[in-house]
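# A structural walkthrough
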Amino acid sequence: MHDHLDPGRRSPLLHPHNRPLAAREGSTWHRSLTAYIEAMEPKFDILATSRLDFSTRLDKTQRAPLQSLVVGVKDIIQVDGFETRAGSLLPSHLWHGPEASLVTRVRQLGGLPIAKTATTEFAYFEPGPTRNPHHPSYTPGGSSSGSAAGVAVGYFDIGIGTQTVGSVIRPAAFCGVCGFKPSLGLASRDGVILFSETMDQMGFFARNWKMLRTFAEHTMNLPHVSDKDLEKLRFGLIVGDYAEQADVTTRTRIRSFTARLESVGWDVTEVNLPLDSIHDLNERHQDVIAHEFALAHHEWFADFGHLYRPRTAALIEKGQGISLARHVECKRSCLDWRKTMTDFLSSHDIDILISPSAVGTAPRGRTTTGDPVMNLPWTHGGLPVTSVPLGLFQNGFGDWLPMGAQLTAAFLNDSMLLRASHLISQRLQLSSGQKLPE
C-alpha cells in the first residue's frame, strides 16, 4: 500500500465515521474516534493541538439536527477550552476572547466541535504542517488546510474554515471534499482573528453534500429548495482571460465536466466575465487585503515583528505602503462587482457559473499552498461558491490527485447552489475517490 490515504482500504473497525450518527453515543465511540485520530495524526499533522473535546451542552431529552456531528474548527476561530494560535509563534494571550457564535450555534444544534485544526500563519501563505491526505508529498492547500484535510482523512464530518481569497474552495479541491463558501454575511464571523475586515468570509467542508446541506441549512437558517426547482438550471462555462489563468489540462477537464452536464439534460453556454481586466480585479483585491491586514497587525507587528515568518511580514510591509485613497477605491470595487455579476447572471439567464476550483491539482511539495486566483472574483463580490469533487486525475509525476469544479451563483442564492451541487453529484455519479482517465 502506498504512503497516501486510500479511503477504500480503511478498516471499518478503525474508522468510526462508518457508524451512523444515531450509533455514536457514549464513551466507546469517543475512544474509537480518538484512537483513529491518534493513529493517523503522525502522518498528516492536521490538528493545531493534541487535545480533543467530546463534551456537549446539548439537552439530551430531545434529538437535535446536528447531534453527534463531529466538527473541526480552524485555529483562527475562538473555541471554548482551546487556545488560539493562528498558526503563528506569537503568544496566545493576545487572542483570548469569547467563543465564536457560529461554534456556539453548532453546540446548541448538537454538533461536537472536538478540535482546532492547523492553519497557515494568520491564514496567509506561510504553510502549516498539514499534508495532503491523498499524497503527503503535496500541499493540502491553504489557509484552511487542517479543516479540509481533517474531513478528507475522516477526523470530522464537518470542517469550519475561512476564505479571504481562496482558502476554502482551493483546499476543498486539493483534498477531494465538498466545499462551500456562503454569501458574505450569512455566517457570523465574530470570534475570528480577521485577516481582512472587508473580505473575510466563513466556509465549510464535508464528506458529502447531504451532510453539508444539513449543516448549512441549520446554522444559517437557509430556506429549503426542492429538486423540481432545479430541472431547468442554466449553466455558464466561463472562458476568456479569467479561465486561462488555469492550466490547459484543468480547463480541458472542466469542459469534460460540462459535457456531462449537457448529457443529462442541462444547458451550458460559454460566457466571458463582464470586466475589462481580470488582472486589475486581482490587484484591487490584493491591495484591500494587504492594507487591512497591516492595520489589523499594527500593534502586534510592532511588538513581535521578529516572530512573523517572511511572507507574512512582507504582506504587512506591503499593506503599510498602500494609501487610504487606494484602499477606498479598491474596497468600492467589491459592491460594484457584486452588482455587475447580479445583472450579468440575470441578463444572460444563467443560474450557475462553472470554472476550475484551482489553477490545477495540488502543487508538489509543501513550501506553497497553491494559487487562489480562480477563487478571487467570487470572494471579491461575496458570492456563494461550492467546490464539487470530480474524482482523481493523474498529474505529470504519475500521482493521482483530486480536482474540483467551482460553481458560483448570484448573491444570497446559497440554498439553490447547495442543492444543485448535491443533485449534480448524484446525477453524474461523481466520486472523490474515482480515478478518471484523461
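Let me sum up the structure you'll find in this document. For clarity, every value in this text was computed on a predicted model and none was experimentally measured.

### A word on the packing of helix H2 (residues 101–108) against helix H5 (residues 209–220)
Where H2 meets H5, the closest approach of the two axes is 10 Å, and the angle between their N-to-C directions is 110°. The angle between H2 and H5 places the two elements in the roughly perpendicular class. Within the contact between the two elements, H2 uses Leu-102, Arg-105 and Val-106 and H5 uses Phe-215, His-218 and Thr-219. Taken together, the residues that form the contact of H2 with H5 break down as three nonpolar, two polar and one charged.

### Some words on the side chain of Gln-245
Tracing the backbone through its elements, the reader meets Gln-245 in the loop between strand S6 (234–239) and helix H6 (248–263). A polar contact of 3.1 Å, which involves the side chain of Gln-245, links it to the backbone oxygen of Tyr-242. Residues in contact with Gln-245, not counting those within four places in the same chain, are Ile-278, Asn-282, Val-359, Val-373 and Met-374.

### Observations regarding unusual backbone geometry
Backbone torsion omega between Gly-142 and Ser-143 reads 0°, so that peptide bond is classified as cis. Relative to the helices and strands, Ser-143 is located in the loop between strand S2 (112–117) and helix H3 (145–153). Look at Asn-221: it is not a glycine, yet its phi comes out positive at around 55°. Following the sequence through the fold, Asn-221 ends up in the loop between H5 and S6. Overall, Asn-221 belongs to the exposed group, its relative accessible area being 60%.

### Section: the nonpolar core
Residues Ile-160, Phe-204, Phe-257 and Trp-378 are the most contacted members of the largest nonpolar core, which totals 127 residues. In terms of residues, this core owes the most to one element, helix H7 (residues 278–296), which gives seven residues. Residues Phe-174, Ala-358, Ala-362 and Leu-401 belong to the second largest nonpolar core, which totals five residues.

### Some thoughts on helix H10 (residues 324–347)
Taking 1.5 Å per residue, 24 residues should reach 34 Å; H10 reaches 35 Å between its end C-alpha atoms and fits that length. Buried within H10 are the following residues: His-327, Cys-330, Ser-333, Cys-334, Trp-337, Arg-338, Met-341, Phe-344 and Leu-345. Where H10 is buried, its residues touch strand S7 (267–272), H7, strand S8 (352–356) and helix H11 (376–381). Downstream of H10 by a residue or two, Asp-349 has a phi angle that is positive, lying close to 55°.

### Points about the pairing of S7
Judged from the six bridges that link them, S6 and S7 form a sheet pairing that is parallel. Note that in S7 the partner of Ile-238 across the bridge is Val-271. A crossover connection joins S6 to the parallel S7 through H6; in handedness this β-α-β unit is right-handed.

Cut-offs used in this document
Residues numbered from 1 in each chain as written. Predicted model: local features only at pLDDT ≥ 70, side-chain atom pairs only at ≥ 80, totals over all residues. Heavy atoms only, no water. Axes fitted to C-alpha atoms, helices over the stretch in contact; angles between N-to-C directions. Helix = DSSP H or I, 4+ residues; strand = E, 2+ residues; numbered from the N terminus. Parallel < 35°, antiparallel > 145°, perpendicular 65-115°, else oblique. Contact = heavy atoms within 4.5 Å. Nonpolar A, V, L, I, M, F, W, Y, C, P; charged D, E, K, R; others polar. Polar contact = N/O pair within 3.5 Å; in protein donor to acceptor, adjacent residues only side chain to side chain. Buried < 20%, exposed > 50% of the residue type's maximum accessible area, 1.4 Å probe, protein only. Core = buried A, V, L, I, M, F, W, Y, C linked by side-chain atoms within 4.5 Å. Expected span 1.5 Å × (residues − 1). Pairing = 2+ DSSP bridges. Right-handed = clockwise from strand over helix to strand, strands pointing away.

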